[in-house]
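Spelled out, the chains give:
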Amino acid sequence: MSKKIFSGVQPTGNLHLGNYLGAIKNFVELNNDLENDCIFCVVDLHAITVKQDPKELKNNIRETVATFVACGINPKKSIIFSQSSVPAHSEGAWLLSCVARMGWLNRMTQFKEKAGKDKEKASIGLFSYPVLMAADILLYDSTHVPVGEDQKQHLELCRDIAQRFNNEYKVDNFFKTPEPLIQKEFSRIMSLKDGTKKMSKSELSDLSRINLTDDKDLIVNKIKKAKTDPLPLPSSLDELRERPEAKNLLGIYSSLLNSTMSKSISEFEGKNFSEFKEKLSEVLAEKMDPISKEIKKLMNEKRFLDEILLDGYKKAYEISFLKIKKMHEIIGF
Ligand code: TYM
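Please read all numbers here as calculations on a predicted model, not as lab measurements.

Quick notes on the site of the ligand
Alright, step 1. Looking at the ligand, there are 27 residues lining it, with Gln10, Tyr129, Asp136, Asp150 and Ile189 nearest.
Alright, step 2. The separation between an oxygen atom of the ligand and a polar main-chain atom of Gly148 is 2.9 Å.
Alright, step 3. A distance of 2.8 Å separates a nitrogen atom of the ligand from a polar backbone atom of Ile189.
Alright, step 4. Within the complex, the protein chains bury 97% of what would otherwise be the 710 Å² of accessible surface of the ligand.
Alright, step 5. The pocket occupied by the ligand, as judged from atoms lying within 2 Å of grid points, is the largest pocket.
Alright, step 6. At the level of elements, β1 (4-9), α1 (17-32) and α7 (124-138) are the ones that each hand at least two residues to the shell around the ligand.
Alright, step 7. In terms of residue class, the shell around the ligand is made up of eleven nonpolar, eleven polar and five charged.

Next comes the structure, spelled out in structure tokens:
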């Protein structure tokens, strides 16, 4: 059955291996399936929920498009556009924010993490962030949303908002309730410096992540410095429970090779980390270095990137405009 795929990535710089293995790699596979209609959005409205430098933001928007293309998304097959270029997203977010409940948003763990101790100082946008995300998804009647594990709660909220709108206005199935597509085994890639923390763009130490623009030497160096433990590699999945760094590195290795944890465990059981790290660096460099080179090449082709965004804008505008128009009728405007 054909799927309507929607997903978004924030243009906040430092796209990393977690974004790739948790989400973008999956986008590419979905894009390659001829039956799917895919939309991939550079979610710049989400990015400004925390302060951004305008020049850097503009550059990061292009870099996100370049990353999509360098990873293998075909802009002729999938729609790629920036969220801010299509006004339906801001408007849809407002309309849906009158349906979403404060109590629902108060439960969002990502807001709690990002706002930190001083919630009073967080932007209202950061709080209502998941409502904008719901608008993104629902405007296109999306059926499936590929994301990393950290977005699961936001997708549940999106389903709640869709159902509440349908119930409140008695419009059965007007909004489809989308399914999350979260990879089973490797949906959460952890920091190279601390296996209990998510790999993230905002982590201060660059050594905590492999950026998608890192070259071979940098990748090898970061893996060399990645945190490990003193034991040799384990012989079973069970033994990994208390060894987050070993689990993460083996997970990265398995995911890159489209393999399984059990296979990787049997390949390296009893061996020491230096031997495993050498192999991991090799695989990482082989897979990621061409992507890094392609991103850098595409960043010199600004017109090409801007044309992708313009073409995507036209297509996304048309679809979302009709959905907003129907929302107006339903609401009574
Ligand atoms: P963002 O930009 O933080 O991340 C983009 C995608 O990368 C995934 N991801 C990870 N996966 C595994 N391990 C990690 N360490 C890791 N870090 C990030 C995220 O789960 C995400 O899939 N709110 C979204 C963007 C968004 C969106 C949407 C997504 C806006 N509207 C509509 C889907 C549908 C976000 O902040 O992603």
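Structural notes on empty space enclosed by the protein
Alright, step 1. If you walk through the whole model with that rule in mind, you get two cavities of 30 Å³ or more.
Alright, step 2. Taken as a whole, the largest cavity encloses approximately 60 Å³ of empty space.
Alright, step 3. Residue lining of the largest cavity: Met108, Gln110, Phe111, Lys114, Leu126, Phe127, Tyr129, Pro130 and His154, and that is the complete set.
Alright, step 4. The element that contributes the greatest number of residues to the lining of the largest cavity is α7, accounting for four residues.
Alright, step 5. Looking at side-chain class alone, the lining of the largest cavity contains six nonpolar, two polar and one charged residues.
Alright, step 6. Considering only enclosed or pocket space, the second largest cavity measures out at about 40 Å³ in volume.
Alright, step 7. Asn14, Leu15, Glu63, Thr67, Leu212, Thr213 and Ile295 are the residues that line the second largest cavity.

Topic: the domain arrangement of the chain
Alright, step 1. If you check the domain split of the chain, you get domain 1 (3-186 + 302-331) and domain 2 (206-297).
Alright, step 2. A straight line from the C-alpha centre of domain 1 to that of domain 2 covers 30 Å.
Alright, step 3. Taken together, the contact pairs 15 residues of domain 1 with 19 residues of domain 2.
Alright, step 4. Interface area for domain 1 against domain 2, summed over the two sides, is near 1,400 Å², with a carbon-plus-sulfur share of 70%.

Description of the side chain of Asp289
Alright, step 1. Looking at the secondary structure, you find Asp289 in helix α12 (residues 273-298).
Alright, step 2. Among the polar contacts listed, one links the side chain of Asp289 to the side chain of Lys293, at a separation of 2.6 Å.
Alright, step 3. Beyond its immediate sequence surroundings of up to four residues, Asp289 is in contact with Asp215, Lys216 and Leu284.

Focus: the pattern of salt bridges
Alright, step 1. Taken as a whole, this structure holds 17 salt bridges when the rule is applied.
Alright, step 2. Note that Asp289 and Lys293 form a salt bridge whose closest N and O atoms lie 2.6 Å from each other. Of the two residues, Asp289 and Lys293 are both situated in helix α12; the distance of four residues between them amounts to about one turn of the helix.
Alright, step 3. Residues joined in a network through salt bridges with shared partners are Asp206, Arg209, Asp214 and Lys222.

Things to note about helix α3 (residues 54-71)
Alright, step 1. Here α3 is 18 residues long and its end C-alpha atoms lie 26 Å apart, about the 26 Å a rise of 1.5 Å per residue gives.
Alright, step 2. Most of α3 is tucked away, with 13 of its 18 residues classed as buried.
Alright, step 3. Capping the start of α3, Asp53 holds a side-chain oxygen 3.2 Å from the backbone nitrogen of Lys55, two or three residues further along.
Alright, step 4. A positive phi of about 120° marks Gly72, the residue just after α3.

Some words on the side chain of Gln83
Alright, step 1. The topology assignment puts Gln83 in the loop between β3 (79-82) and α4 (88-97).
Alright, step 2. Assessed through its relative accessible area of 0%, Gln83 is described here as buried.
Alright, step 3. One polar contact links the side chain of Gln83 to the main-chain amide nitrogen of Asp44, over a distance of 3.3 Å.
Alright, step 4. Excluding residues within four positions of it along the chain, Gln83 makes contact with Cys41, Val42, Val43, Asp44, Leu45, His46, His89, Leu132 and Asp136.

Quick word on the packing of α1 against α3
Axis angle and axis distance: for two packed helices, these are the angle between their axes and the distance between the axes, and together they describe the pair.
Alright, step 1. Where α1 contacts α3, the axes come no closer than 9 Å and their chain directions differ by 65°. Judged by the sense of rotation from one axis to the other, the crossing of α1 with α3 is right-handed. Residues Tyr20, Ile24, Phe27 and Val28 of α1 form the contact with α3, whose participating residues are Thr67, Phe68 and Cys71.
Alright, step 2. Grouping the amino acids of the contact of α1 with α3 by side-chain chemistry returns six nonpolar, one polar and no charged.

Side note on a nonpolar patch on the surface
Alright, step 1. Among the surface-exposed residues, Tyr317, Phe321 and Leu322 lie close enough to one another that they form a single nonpolar patch of about 290 Å² accessible area.
Alright, step 2. Among the structural elements, Phe321 can be located in helix α13 (residues 302-331).
Alright, step 3. A relative accessible area of 43% places Phe321 in the partly exposed class.

Definitions and limits used
- Residues numbered from 1 in each chain as written.
- Predicted model: local features only at pLDDT ≥ 70, side-chain atom pairs only at ≥ 80, totals over all residues.
- Heavy atoms only, no water.
- Near = heavy atom within 4 Å.
- Polar contact = N/O pair within 3.5 Å; in protein donor to acceptor, adjacent residues only side chain to side chain.
- Areas by Shrake-Rupley, 256 points an atom, 1.4 Å probe, with all protein chains shown as cover.
- 1 Å grid on protein atoms, 1.4 Å probe; cavity = no way out; pocket = protein on both sides within 12 Å on 5 of 7 lines; lining within 4 Å.
- Sits in = over half its atoms within 2 Å of the grid points.
- Helix = DSSP H or I, 4+ residues; strand = E, 2+ residues; numbered from the N terminus.
- Nonpolar A, V, L, I, M, F, W, Y, C, P; charged D, E, K, R; others polar.
- Points joined across faces, edges and corners; volume = space filled by probe spheres on them.
- Domains from an automatic or database assignment.
- Contact = heavy atoms within 4.5 Å.
- Buried area = accessible area lost by both parts, 1.4 Å probe.
- Salt bridge = Lys/Arg side-chain N within 4 Å of Asp/Glu carboxyl O.
- Expected span 1.5 Å × (residues − 1).
- Buried < 20%, exposed > 50% of the residue type's maximum accessible area, 1.4 Å probe, protein only.
- Axes fitted to C-alpha atoms, helices over the stretch in contact; angles between N-to-C directions.
- Left-handed = near helix turned anticlockwise from the far one by under 90°.
- Patch = residues over 30% accessible without salt bridge, like charges linked within 9 Å, V, L, I, M, F, W, Y side chains within 5 Å.

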